[in-house]
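Remarks on the overall topology
One-letter residues, chain by chain:
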Amino acid sequence: MMLKLRQFSLFLLLSAVSIITNAQVKATPDNERVKGLEKRKIFESRSVLNDVSFRNIGPTVFSGRVSDIDANPDDPTEFYVGYSSGGLFYTNNNGLSFTPVFDTEHVLTMGDIAVDWKTGTIWVGTGEVNSSRSSYAGIGVYKSMNKGKSWQYLGLPGSHHIGKILLHPTDPNIVWVAALGHLYSPNKERGVFKTSDGGKTWQHSLFIDDNTGVVDIDINPKNPLEIYAAAWYRTRRAWNFEESGKTSGIFKSVDGGSNWTKISTPASGFPDGEGVGRIGIAVFPQNPQIVYAVVDNNFRRPDTATKKEDGYVLRDFENITKQEFARLDTNKLDTFLKGNRMINQYSAKKIKEMVDKEEIKPTAIFQYLFDANAALFDTPIEGAQVYRSNNGGKSWEKTHNKEISFYFTYGYYFGKIYVSPYNPEKIYILGFNAQLSTDGGKTFSAIDKNNVHADHHALWVNPKRDSHLIDGNDGGVNISYDDGEVWYKANSPAVGQFYSVEVDNEEIYNVYGGLQDNGVWYTPSKTTRSRFANSGLGVDEDPAKFLGGGDGMQVQVDRRNNLTTYYGSQFGNYSRTNRLNREGTKRITPRHELGEVPLRFNWQTPILLSRHNQDILYFGANKFYRSLDQGDSMSLMSTDLTNGGKPGDVPYGTLTTISESPLRFGLIYTGTDDGNIHHSRDGGYTWTKVSQAASLTKSVPAGLWVSRVTASAHAIGRVYATFNGYRNDHFAPYVFVSEDYGSTWKNIGADLPPEPVNVIKEDPTNENILYVGTDGGLYVSLDRGKSFMMWNNGLPKSVPVHDLVIHERENEIVLGTHGRSFYMAPLEKLRKAAEKQ
């Protein structure tokens, strides 16, 4: 039985819930995105703000997710690092310092890099290939012939996400590109592309279908006509990720990529069918008949593989009868309840009584705990498997009998394999851990240590000394000279991927934020970045301080004491703590009652402290919650404010944004991931839907993600809203204002470049100044949205601005960027410029 049936239970769970039926939002045509690059240059040229520069304030105790690494085989202290959304960096001192070399271009997301070290030519494939919810679409291929001093754009705009660029071993004009294609929509510009003239023209040499691209490619260096390509079928929507399909597999060309044959057939011994996910491939250069592949096998494991003799698992309750429930071991059931944070509210004895009296169904525990997140993470699949061919891909054999448990259920995020340049039995695979085998894949052992971040995506193996490794992971770069026995960090680039930013009111105020892959941190706004804190040598202490782990999300700070801090990680897991002594730390996430359908929490669940009374905390699931006692208790204040969710393995039908009017307590706005905007004028007791206004529905595709609602500090009825089509590959900008509490809306962002919009904020002192953060940067209007200009002095030409905040006392703006950490700048000159308008 294949994995994709995992969604059936979730469908049953949601069958009684209303399902939105909006037509699919259309992806932005590729030529419009290319035109948008020129439009960005116009916005930059007409800016009157670029004599005011931003400065980066880190943190640098970590870097950010790495897509690829390429080092000079003759001098490995010289190498390039491509960060997933942070750009391309160069070092010639073994990572002691780095220089950005791609910041002059209007795209920053890296998919793959390839360097011809003989000539200094660099090829860059834009668009991260790891297919996560934070993988930005690229615009195609770039080339530099002078070590990154200048760049040529070579096209392939529809490729969006590039897995690998492969250079011909002897002819610098021949290059192959593994293009995965759109992440959230079908398209044809995916597969393998080949150029024979240095990128002037491209041949689309391998195309499978509109949802199957190529994620990896490798070559026989002794016979460059022989090439292997790893095809991957995957579809992603805001509510579901299909990680595998029957068109995934390994293809081979024996004529330099002009023609291809699928070699991973059922007869070959390699997995075939609906459960085949992402594949990585590596050819042993000394004997190219030896080929290794790692596959994310999504076929379901036999049920016997998931049984636990010492306790219960969630699926034990999926189809349980009333009689079977009565026979459950009470102690084991209490242990299960404790492990799932239910024991404080429910005991085994109490639940058995409720089932016996038919107050709840015997399957209530399963229904209470099972949601889209469980559908993704709790499904038993085969996972990572390594295969080897000794005859150039004619036949394959799995190298190991023991399960490799380091993909879990998100192998789509990894999928790389490497072989020693001179030892065919020595292979490296990357997943949650980095693992090494010295016996041809029969056994593996983890080689990452405590000072190495989890989640590995790139590895450079020294061709002259295979114990010398440069590893790229979610925390940055680590270097080892002894097969991973000892690592040191090379993490000076501030390339953190912040989702949010917040400030407190300390004398030297702190800046807080949650990051993809790296938890929640805060750092002083005025600080000298430590040279040693990121080295792992313990020489100095970084000024940045850690608050919480996971994928960090939103932060709120009680400005009465600047200590009480609310913070959390993905899917609504939030806590309250004293940030200095951690006293009174308490989980504050609301929970539904047993017998009710589970709440749905967005990846970045919104929370908000009322500025009118900071004992009051607002919390958004698919419903709106309010606490009057700093999160000690939560009161449900609404019905479902979404359109009801959709079946899938990603929580959907959730609140994404909350705003309260600075002018009136209890005037609250919410936005959802399926296009709804509501307001309440009485603190959440009653709600009015305002997103059905004709002035919105005529301009915004139905169901588009509401990225931000912002209540005005200047006019009581004024509110701003932004919509984001990233999860539809729809890049049009949507920025609106209402002067009547959302009854009618006016489009004020139509002239912006085609970039999804993340945030809008008013200037607190001048109502004419608006700040808009997009996936491409920061834009400012000095005339309340009639026109915009770019403000990027001190920033890369392009960087995703996920959030921004203005510190009113210090008159400074702070950006939370998704790829370059925190930036800040003074606002005095900008405000003077606005006064002259």
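All values derive from a computational prediction rather than experimental measurement.

1. A short note on the pattern of salt bridges
In the structure shown here, the tally under the stated rule is 35 salt bridges. R559 is the partner of E502 in a salt bridge, and the nearest nitrogen-oxygen pair spans 3.1 Å. Taken together, the positions of E502 in strand β32 (residues 502-503) and R559 in the loop between β36 (552-557) and β37 (564-569) put the pair 57 residues apart, joining distant regions of the chain. When its relative accessible area of 27% is taken as the criterion, R559 is described as partly exposed. A salt bridge links E810 to R809; the nearest nitrogen and oxygen atoms lie 2.9 Å apart. E810 sits in the partly exposed class, given a relative accessible area of 28%. Using a relative accessible area of 40% as the deciding quantity, one classes R809 as partly exposed. One continuous salt-bridge network, built from bridges that share partners, spans R718, E739, E762, E767 and R784.

2. Side note on unusual backbone geometry
Cis rather than trans, the peptide bond between G58 and P59 has omega equal to 5°. Looking at the secondary structure, you find P59 in the loop between β1 (55-58) and β2 (66-71). Positioned with a positive phi, E358 is a non-glycine residue whose angle comes to about 60°. Within the secondary structure, E358 sits in the loop between α5 (348-356) and α6 (364-369). Here the phi dihedral of D729 falls at roughly 55°; this positive angle occurs in a residue that is not glycine.

3. Observations concerning the packing of helix α4 (residues 330-339) against α5
To characterise two packed helices, one gives the angle between the axes of the helices and the distance between these axes. Here α4 crosses α5 at 105°, and the two axes come no closer than 9 Å. The angle between α4 and α5 falls in the class roughly perpendicular. Contacts between α4 and α5 pair T330, L333, D334 and L337 from the former with A348, I351 and K352 from the latter. Looking at the contact of α4 with α5, its residues break down into four nonpolar, one polar and two charged.

4. Side note on helix α9 (residues 828-835)
All buried positions along α9 are accounted for by L830, R831, A833 and A834. The buried side chains of α9 occupy one side of the element, clustering within an arc of 155° when seen end-on. Away from its buried face, by an angle of more than 90 degrees, α9 presents the exposed residues E828, K829 and E835. Taken together, the buried residues of α9 touch β53 (770-774), β54 (777-781) and β56 (801-807).

5. Some remarks on the confidence of the model for the protein chain
The share of residues in the protein chain with pLDDT of 70 or more is 94%, and the mean pLDDT across the chain is 93. Within the model, the stretch residues 1-23 combines pLDDT values under 50 with 53 contacts to residues more than four positions away or in other chains. Scored below 50 in pLDDT, residues 530-539 makes 18 contacts in the model with residues more than four places away or belonging to other chains.

6. Re the sheet that holds strand β10 (residues 162-167)
With respect to topology, four strands assemble into an open sheet ordered β10-β11-β12-β13, the strand pairing being antiparallel. The outermost strands of the open sheet, each flanked by one partner alone, are β10 and β13 (203-206). Ignoring strand direction, the axes of neighbouring strands in this sheet form an average angle of 25°.

Quick notes on the rules
Think of each chain on its own: its residues are numbered from 1, step by step along the sequence as written. Only residues with pLDDT of at least 70 get local features here, since the model is predicted, and only at 80 or more are side-chain atom pairs given and counted; chain-wide, interface and lining totals rely on the full set of residues. Side-chain metrics in this entry use all non-hydrogen atoms of the structure; hydrogen atoms and water are not considered. When a carboxyl oxygen of Asp or Glu lies within 4 Å of a side-chain nitrogen of Lys or Arg, that pair is called a salt bridge. By definition, any uninterrupted DSSP run of H or I lasting at least four residues is a helix, any uninterrupted run of E lasting at least two residues is a strand, and each is numbered from the N terminus. Exposure classes here rest on a 1.4 Å probe applied to the protein chains alone. A residue is buried below 20% of its type maximum, exposed above 50%, and partly exposed in between. Here, axes are lines fitted to C-alpha atoms. For helices the fit covers the stretch in contact, and angles between N-to-C directions go from 0 to 180 degrees. Angle categories are assigned with fixed cut-offs, so that under 35 degrees is roughly parallel, over 145 is roughly antiparallel, 65 to 115 is roughly perpendicular, and the rest are oblique. Should any heavy atoms of two residues lie within 4.5 Å, those residues are counted as being in contact. Residues are grouped as follows: Ala, Val, Leu, Ile, Met, Phe, Trp, Tyr, Cys and Pro are nonpolar; Asp, Glu, Lys and Arg are charged; every other residue, Gly included, is polar. Taking the helix axis as origin, the arc is that swept by the directions to the C-beta atoms. A residue's pLDDT is the predictor's confidence in that residue, given on a scale from 0 to 100. In this analysis, strands are considered paired if DSSP registers two or more bridges between them.

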